[in-house]
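Chain by chain, the residues:
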Amino acid sequence: TVAVTIGRLDVAAAHAARCSELVSSHPDDFADWDRAFLAELLARVAARSGAADAASLREAAVRAASGVADEQDRRICLERLEAGPWEALA
C-alpha cells in the first residue's frame, strides 16, 4: 500500500502478486480482512496505473471489505477504501 501511495507501482504490483499467490496457496491461513486488504491493493495498483479493469477491481474490493465479519475490522477496511490516492499517475 505504501508503494502504491508513493508511486512505486512496480513494487506494489510485485507484492500484490506474491500476496495473491500466498492467499491462493494457503486459503485457510488468511482471514477475511486479509482478503479485503489484498483486494484493495489490487484495485489501487490498477487504478493508479490506469488499467481498464480498475473500476471493477475497486467494486470487488468494496464487496470484500463489506463481507468482513467483524464490525470493527469491516469499518477499517471500508474506511481505507474511502481514502486516496485512487487517481492514475501521469
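**Observations concerning the overall build of the chain**
Part 1 of the argument: If you tally the helices and strands in the chain, you get 5 helices and 0 strands.
Part 2 of the argument: What you see in the chain, going N to C, is helices and strands ordered as α-α-α-α-α.
Part 3 of the argument: Dimensions of the chain, computed from C-alpha atoms along their principal axes, come out at roughly 35 × 25 × 20 Å.
Part 4 of the argument: By residue count, 28% of the 90 residues in the chain fall in the buried class.
Part 5 of the argument: Counted over contacts in the chain with a minimum sequence separation of 6, partners at least 24 positions apart contribute 59%.
Part 6 of the argument: As displayed, the chain has an accessible area near 5,400 Å², and 55% of this comes from carbon and sulfur atoms.
Part 7 of the argument: Charge-centre separation for the chain: the mean point of 10 positive side chains lies 4 Å from the mean point of 15 negative side chains.

**Notes on the side chain of Arg44**
Part 1 of the argument: By the secondary structure assignment, Arg44 is in helix H3 (residues 32-49).
Part 2 of the argument: Excluding residues that lie within four positions of it along the chain, Arg44 makes contacts with Val4, Arg80, Leu81, Ala83, Gly84, Pro85 and Trp86.

**Topic: the pattern of salt bridges**
Part 1 of the argument: Applying the stated criterion across every chain yields a total of 6 salt bridges.
Part 2 of the argument: With its nearest N and O atoms 3.3 Å apart, the salt bridge here joins Arg8 to Asp10.
Part 3 of the argument: In this structure, the salt-bridge partner of Arg80 is Glu40, at a minimum N-O distance of 2.9 Å. Taken together, the positions of Arg80 in helix H5 (residues 71-82) and Glu40 in helix H3 put the pair 40 residues apart, joining distant regions of the chain.
Part 4 of the argument: By relative accessible area, which is 29% here, Arg80 ends up partly exposed.
Part 5 of the argument: Classification of Glu40 by relative accessible area gives buried; the value is 2%.

Rules used throughout
- Residues numbered from 1 in each chain as written.
- Predicted model: local features only at pLDDT ≥ 70, side-chain atom pairs only at ≥ 80, totals over all residues.
- Heavy atoms only, no water.
- Helix = DSSP H or I, 4+ residues; strand = E, 2+ residues; numbered from the N terminus.
- Buried < 20%, exposed > 50% of the residue type's maximum accessible area, 1.4 Å probe, protein only.
- Contact = heavy atoms within 4.5 Å.
- Areas by Shrake-Rupley, 256 points an atom, 1.4 Å probe, with all protein chains shown as cover.
- Lys, Arg positive; Asp, Glu negative; His and termini not counted.
- Charge placed at Lys NZ, Arg CZ, Asp CG, Glu CD.
- Salt bridge = Lys/Arg side-chain N within 4 Å of Asp/Glu carboxyl O.

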